[in-house]
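Per-entry structural report
Below are the chains, spelled out letter by letter.
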Amino acid sequence: MRSSLRDASPRRYLMCPPVHFKVTYSINPWMDPAKPVDLPLALTQWEDLRDRYRALGHTVELLEPQPDLPDMVYAANGATVIDDRVLGARFAHPEREAEAAVHLAWFRAAGYTEIHEPLHINEGEGDFAVTSSYVLAGRGFRSSPLSHDEAQEFFGRPVIGLELVDPRYYHLDTALSVLDDAADEIMYYPGAFSPGSRKVLRRLFPDALIAEERDAAALGLNAVSDGRHVLLPQAAVGLYEPLRDRGFEPLGMDLGELLKGGGSVKCCTQELRP
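Let me begin by describing the structure that accompanies this report. Treat the numbers as computed from the prediction; the structure is a model and nothing was measured.

Cut-off values and rules
Residues numbered from 1 in each chain as written. Predicted model: local features only at pLDDT ≥ 70, side-chain atom pairs only at ≥ 80, totals over all residues. Heavy atoms only, no water. 1 Å grid on protein atoms, 1.4 Å probe; cavity = no way out; pocket = protein on both sides within 12 Å on 5 of 7 lines; lining within 4 Å. Points joined across faces, edges and corners; volume = space filled by probe spheres on them. Helix = DSSP H or I, 4+ residues; strand = E, 2+ residues; numbered from the N terminus. Nonpolar A, V, L, I, M, F, W, Y, C, P; charged D, E, K, R; others polar. Salt bridge = Lys/Arg side-chain N within 4 Å of Asp/Glu carboxyl O. Buried < 20%, exposed > 50% of the residue type's maximum accessible area, 1.4 Å probe, protein only. Phe/Tyr/Trp six-rings, centres within 6.5 Å; stacked < 30°, edge-to-face > 60°. Lys NZ or Arg CZ within 6 Å of the ring centre and 35° of its normal.

**Quick notes on empty space enclosed by the protein**
Under the defined criterion, the tally for this structure stands at three cavities of 30 Å³ or more. Roughly 240 Å³ of volume is contained in the largest cavity. Forming the boundary of the largest cavity are 22 residues, of which Val178, Ala223, Lys266, Glu271 and Arg273 lie nearest the centre. Put simply, the parts of the chain that give the lining of the largest cavity at least two residues each are β6 (128–130), β9 (176–180) and β12 (224–225). Residues belonging to the lining of the largest cavity are distributed by class as follows: 10 nonpolar, three polar and nine charged. Put simply, the second largest cavity is a space of about 50 Å³. What lines the second largest cavity is Ile27, Asn28, Met31, Asp71, Tyr74, Asn77, Arg96, Arg142, Tyr170, His171, Gly261 and Cys267. When grouped by side-chain class, the residues that make up the lining of the second largest cavity number five nonpolar, four polar and three charged.

Structure, rendered in structure tokens:
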């Protein structure tokens, strides 16, 4: 029997328009410089996502894009914010490392005072997912395992390390999504994780929604939930009914142009958690 719809909670997000988006290098398996980007279409798709958030009652703050940083549209990678405390990013690839300072400058200008510039490589919410009980932390392709202890010390929350083993799922947010942070409810694709990490996920989240490979391969887990509405790539059709059965309302988004850079809904969305 299908569950009744859940309650949504208002969220505050940070996004960056893809004014300078292009794929001229490859730092993940999704990126192919030989495939041209339709920039006007990318901007339209991004605006659809921004406008959908606002229509759902959420606040969207905007980060100024920089002409020499084409991946800034993937704003989730720039920091992790919990309890108004900001853990900055330190990028693994030199092509993106200058983004970290742009994000920290935005937070300082916005009045944030508890800001930590990291010593160890982490790529923000690309590899950190937050529930009420845990900070789930990916490693294996981008973020350093040393960043997990750094995050735990800064946030004062237990950090659970998870090993990623499939290069298609190079960040945690491509393989796992938080559906209800208050209830510690997630969905994930087991094939993206090491055997030991799969056991940890089963132990901590026995009722998690398990995604099939075809939906994970469409970046269906690169999703954002406000506790009721789940915005996810429209091609991940196999997730729609399982989400509805749990009382969520899936909202398919077309971010096909931004997928050429290896990101979708979540990659474009950093959550500013008060």
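After that view of the structure, there is still more to cover.
**Quick notes on the pattern of salt bridges**
According to the stated counting rule, one finds 21 salt bridges in the structure shown. Two residues, aspartate 180 and arginine 6, come together in a salt bridge whose shortest N-O distance is 3.3 Å. Here the residue aspartate 180 occupies a position in strand β9, and arginine 6 occupies one in the segment before β1 (12–15), the gap between them amounting to 174 residues. A relative accessible area of 15% places aspartate 180 in the buried class. Here arginine 246 and glutamate 185 are joined by a salt bridge, their closest N and O atoms 3.2 Å apart.

**Here's the deal with the layout of surface pockets**
There is about 260 Å³ of room inside the largest pocket. Lining the largest pocket are 15 residues, and of these Arg11, Asp181, Glu271, Arg273 and Pro274 lie nearest its centre. Grouping the constituent residues of the lining of the largest pocket by class yields six nonpolar, two polar and seven charged.

**Re the packing of aromatic side chains**
Scanning all chains against the criterion turns up nine aromatic pairs. Residues phenylalanine 107 and tyrosine 112 carry aromatic rings whose centres are separated by 5.0 Å and whose planes lie at 85° to one another, so their mutual orientation is edge-to-face. No difference in accessibility class separates phenylalanine 107 from tyrosine 112, as the two residues are buried. In this structure an aromatic cluster arises from ring pairing among Trp106, Phe107 and Tyr112. Across the ring face of phenylalanine 154, the terminal group of arginine 85 is positioned such that the distance to the ring centre comes to 4.2 Å.

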